[in-house]
Amino acid sequence: MSERVQTAYDPEEMMVVAASRLLEPDDVVFIGIGLPSKAANLARRTHAPDLSMIYESGTLDTKPTVLPLSIGDPELSRTAKAVVSVPEMFSYWLQGGWIRTGFLGAAQIDRFANLNSTVIGDYRKPKVRLPGAGGAPEIAAFCHRTLVLLRQNPRTFVEELDFMTTVGMWRGEGSRRALNVPGLGPQAVITDLGILEPDTESGELVLTHLHPGVTAEAAIEATSWPLRVAETLARTEEPTKKELEILRALVPSEASNIADLIPAAGEAGR
Amino acid sequence: MTEFLELPEAVKKYVSPGCSVAAEGFTHLIPHAAGAEIIRQGIRHLTLIRMTPDIIFDQMIGMGCADKLVFSWGGNPGVGSLFRLRDAYEKGVPHEMEFEEHGHAAMANAFAAGAAGMPCAVFKGYRGTQYPEVNPKIKFIECPFTGEELTVIPAHRPDVAIIHAQRADRQGNIWMTGILGVQKEAVLAAAHSIVTVEEIVDSVDESSGGTVIPRWAVDVVCEARLGAFPSYTEGYYDRSNAFYQKWGEISKEYDRFVEWMENYVVASENFVHYLAKLKEDGYV
């Protein structure tokens, strides 16, 4: 990583690059759509060519050549080693404990890295109805470890979640284990400001890395609870030119052959 | 015996006001032509069941077809919100609805349990989350062998399942390939099933891989060319990511949405005619 960056990059790019570096070269990763998918696709094109990417639509060992827009794009089934049904995906592969890393986003996170992707406000009368759980609760329960990717500001890093969609370290102090969920839980939260990791005893998130140009004060201000900061803060390496080039080339395809197959209006009547 | 019907007749026969409809297809093979036909016939008071409501249920909810939604992820995949679902949930537009919310694992298990003739699904889910507080159908039991606490939810047993597939043969055997979601489970769990297909062929070729649902497990087969648009049919056409991105603008405001639906979906003679109008006006 000695190659220094020539071009400017934005905080989201730093976040995705930092997240991609946390995937092991031979990781087996269950990928949520959006930034986690970007980060995993970047990792497979850089340090982790043998990364096994799993999308919840049932594609195992997926090797998309373009970034999918959804978790079920045709690009995924065409480039997968195997496609299994969704019940098989969730029961055998996920609940059965075969997947090493779960990669999630969320709308809110608390100090124990529990996540909300359900509602902002009251569940019955919310200010914002978010999409909901999807696979997240069981991904976080049954993957060996979880990585979480979201922007850090007082609206996302909250004192109390509006809804507990997905359990991280639950109430801390080993309480996660009492829930009988086998995975270790969130091992890193990667944001646009830095990286947080749960304290091994209390389970509370501690700021351990800052991205280039970011101060600990900025991270503390972006957090609604009194943020713990590690005694020695590491500094994330800037994105390399190669990482940025690959990342910027990762855009969902808008190409579809559907228009060619639809007849003109006059011919479509009957 | 599998019946071969035109889609409007099939919908008239099996989708009646008040019934529960599982329309499955996980991003791939979403039975949009059937959804549009239900809207065209103005069928109301439905219980809609789908893991990802997607545009198909967003349209049906916005047009007032649904009294209840059972779901596990209600976004526009890769884009953002489903605004008709959000308006129904947040503001009761066009009317108040009941929402039964799950996670994907629960929905998949509930369909599989229904297919297996079980009253409930047993799995390990929701531990520590708030879902059991808001969904009274999530319960916990003790494993009689190990004492482990397990999660149970009722099986899905919809009145009718609707899916889209690549092909059917002339006996009604269904052949499908690519991402298969929970479609087979939905068909087997339901009292009746309608399968729309891209084409009806002399024989389906199971030796080329894919999945066959035998004719005696299917009530009705309807030909519905391009019937999964804006989702896709592997081997036939791609997902229209562009339309998914445009759906946000079309559906954001309720009045504009209704006008659009009336112009494009309701006023069209059939699904291909609707697609032709979309093409003419630059939506695809």
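Predicted model, so just to flag it, every value in this text is computed and none were measured.

### Remarks on the overall build of chain B
When helices and strands are counted, chain B shows 10 helices and 15 strands. Over its C-alpha trace chain B gives a radius of gyration of 19 Å, about what one expects of a compact globule, namely 19 Å for 284 residues. The principal-axis extent of the C-alpha atoms belonging to chain B is close to 60 × 50 × 30 Å. For chain B, the residues scored as buried account for 57% of the 284 residues in total. Counted over contacts in chain B with a minimum sequence separation of 6, partners at least 24 positions apart contribute 75%.

### Section: the overall build of chain A
Each helix and strand counted, chain A has 9 helices and 14 strands in total. The principal-axis extent of the C-alpha atoms belonging to chain A is close to 70 × 50 × 35 Å. Of the contacts formed within chain A by residues at least 6 apart in sequence, a portion of 66% connects residues at least 24 apart.

### Regarding the environment of Thr46 of chain A
Residue and element names in this part refer to chain A. Tracing the backbone shows Thr46 in the loop between α2 (35–45) and β2 (52–55). Considering only alpha carbons, one finds Thr46 and Glu243, 197 residues apart in sequence, at a separation of 7.3 Å. When near neighbours in sequence (up to four residues on either side) are disregarded, Thr46 contacts Ser20, Lys242, Glu243 and Ile246.

### Here we look at the nonpolar core
Membership of the largest hydrophobic core comes to 170 residues, with the highest contact counts inside it found for Val29 and Val148 of chain A. It is helix α5 (residues 104–115) of chain B that provides the largest number of residues to this core, a total of 9 residues. Both domain 1 (3–43 + 158–280) and domain 2 (120–154) of chain B contribute no fewer than three residues apiece to this core. Excluding its chain neighbours within four sequence positions, the residues that come into contact with Val148 of chain A are Leu104, Ala106, Ile109, Ala113, Leu115, Pro186 and Val189 of chain A.

### Brief notes about the packing of helix α1 (residues 11–21) of chain A against helix α8 (residues 241–249) of chain A
Residue and element names in this part refer to chain A. Where α1 contacts α8, the two axes come as close as 11 Å, and the packing angle between them is 105°. For the element pair α1 / α8, the angle class is roughly perpendicular. On α8, the residues touching Glu13, Val16 and Val17 of α1 are Glu243, Leu244 and Leu247. Broken down by class, the residue content of the contact of α1 with α8 amounts to 4 nonpolar, no polar and 2 charged.

### Some thoughts on the domain arrangement of chain B
When cut into domains, chain B gives domain 1 (3–43 + 158–280) and domain 2 (120–154). Distance between the C-alpha centres of domain 1 of chain B and domain 2 of chain B: 33 Å.

### Notes on the interface of chain A and chain B
Taken together, the contacts link 53 residues of chain A with 58 residues of chain B. For the side of chain A that touches chain B, the secondary structure elements donating two or more residues are α3 (74–78), α4 (86–95), β9 (126–129), α5 (136–142) and α9 (258–261) of chain A. With 5 residues, α4 of chain A is the largest single contributor of residues to the side of chain A that touches chain B. Considering only residue class, the side of chain A that touches chain B consists of 29 nonpolar, 19 polar and 5 charged.

### Considerations on the sheet that holds strand β5 (residues 101–104) of chain A
Through backbone hydrogen bonds, the strands of a sheet pair up, either in parallel or in antiparallel fashion. Residues and elements named next belong to chain A. What the 10 strands build is an open sheet, ordered β4-β3-β2-β1-β5-β10-β11-β12-β13-β14; its pairing is mixed. Looking along the sheet, the strands with just one partner apiece sit at the ends: β4 (80–83) and β14 (228–235). Between one strand axis and the next, the sheet turns through 20° on average, direction left out of account. Relative to strand β13 (residues 205–210), strand β12 (residues 194–198) runs antiparallel, the two being bridged by 5 bridges. Along β13, the bridge assignment pairs Gly194 with Leu210.

### Description of the pairing of strand β11 (residues 186–190) of chain A
Residue and element names in this part refer to chain A. Of all 5 residues in β11, 4 are buried, a share of seventy percent or more. Relative to β11, strand β10 (residues 145–149) runs parallel, the two being bridged by 4 bridges. What sits directly across from Thr146, in β11, is Pro186. Pairing between β11 and β12: 2 bridges, direction antiparallel. Note on β12: the bridge partner recorded for Ile190 is Ile195.

### Some remarks on α8 of chain A
All names here are of chain A. Along α8, the residues classified as buried are Glu243, Leu244 and Leu247. Each buried residue of α8 sits inside an arc of 95° when the element is viewed along its axis, so together they form one side. Turned more than 90 degrees off the buried face of α8, the exposed positions are Glu245 and Ala249. Residues of α8 that are buried make contact with α1 and α2.

### What to know about helix α8 (residues 241–251) of chain B
Residues and elements named next belong to chain B. For α8, every residue scored as buried is listed here: Asn241, Tyr244, Trp247 and Ser251. Looking straight down α8, one finds its buried side chains confined to an arc of 100°; they lie on one side. The inward-facing, buried residues of α8 contact α3 (54–62), β5 (75–76), α4 (83–91) and α9 (254–266).

### Some words on the sheet that holds strand β9 (residues 139–142) of chain B
Residue and element names in this part refer to chain B. Strand order in the open sheet formed by 3 strands is β8-β10-β9, with antiparallel pairing between adjacent strands. The open sheet terminates on both sides in strands that have one partner only, identified here as β8 (120–123) and β9. Shown here is a sheet whose adjacent strand axes are inclined to one another by a mean of 35°, direction ignored. Summarising the sheet, β9 and strand β10 (residues 149–154) pair through 4 bridges and their orientation is antiparallel. The residue bridging Phe140 from the neighbouring strand is Thr151, located in β10. Running over the sheet, α5 touches β8 and β10 and is turned about 130° from β8.

### What to know about unusual backbone geometry
Each neighbour pair has its own omega, and for Val93 of chain B with Pro94 of chain B the value is 0°, a cis peptide bond. The topology assignment puts Pro94 of chain B in the loop between α4 and β7 (98–101). Looking along the chain, the bond that leaves Phe229 of chain B and enters Pro230 of chain B is cis, with omega of 5°. Considering the arrangement of structural elements, one finds Pro230 of chain B in the loop between β15 (220–223) and α8. One non-glycine residue, Asp61 of chain A, lies in positive phi territory at about 50°. Topologically, Asp61 of chain A is positioned in strand β3 (residues 59–62). Of note, the phi angle at Asp54 of chain B is positive, near 55°, even though the residue is not glycine. Checked against the element boundaries, Asp54 of chain B lands in helix α3.

Criteria and cut-off values
Residues numbered from 1 in each chain as written. Chains lettered and ligands numbered in written order. Predicted model: local features only at pLDDT ≥ 70, side-chain atom pairs only at ≥ 80, totals over all residues. Helix = DSSP H or I, 4+ residues; strand = E, 2+ residues; numbered from the N terminus. Rg over C-alpha atoms; globule rule 2.2 N^0.38 Å. Buried ≥ 20, exposed ≤ 12 C-beta atoms within 10 Å, placed from the backbone. Contact = placed C-beta atoms within 7 Å. Core = buried A, V, L, I, M, F, W, Y, C linked by C-beta atoms within 7 Å. Domains from an automatic or database assignment. Axes fitted to C-alpha atoms, helices over the stretch in contact; angles between N-to-C directions. Parallel < 35°, antiparallel > 145°, perpendicular 65-115°, else oblique. Nonpolar A, V, L, I, M, F, W, Y, C, P; charged D, E, K, R; others polar. Pairing = 2+ DSSP bridges. Arc of directions from axis to C-beta.

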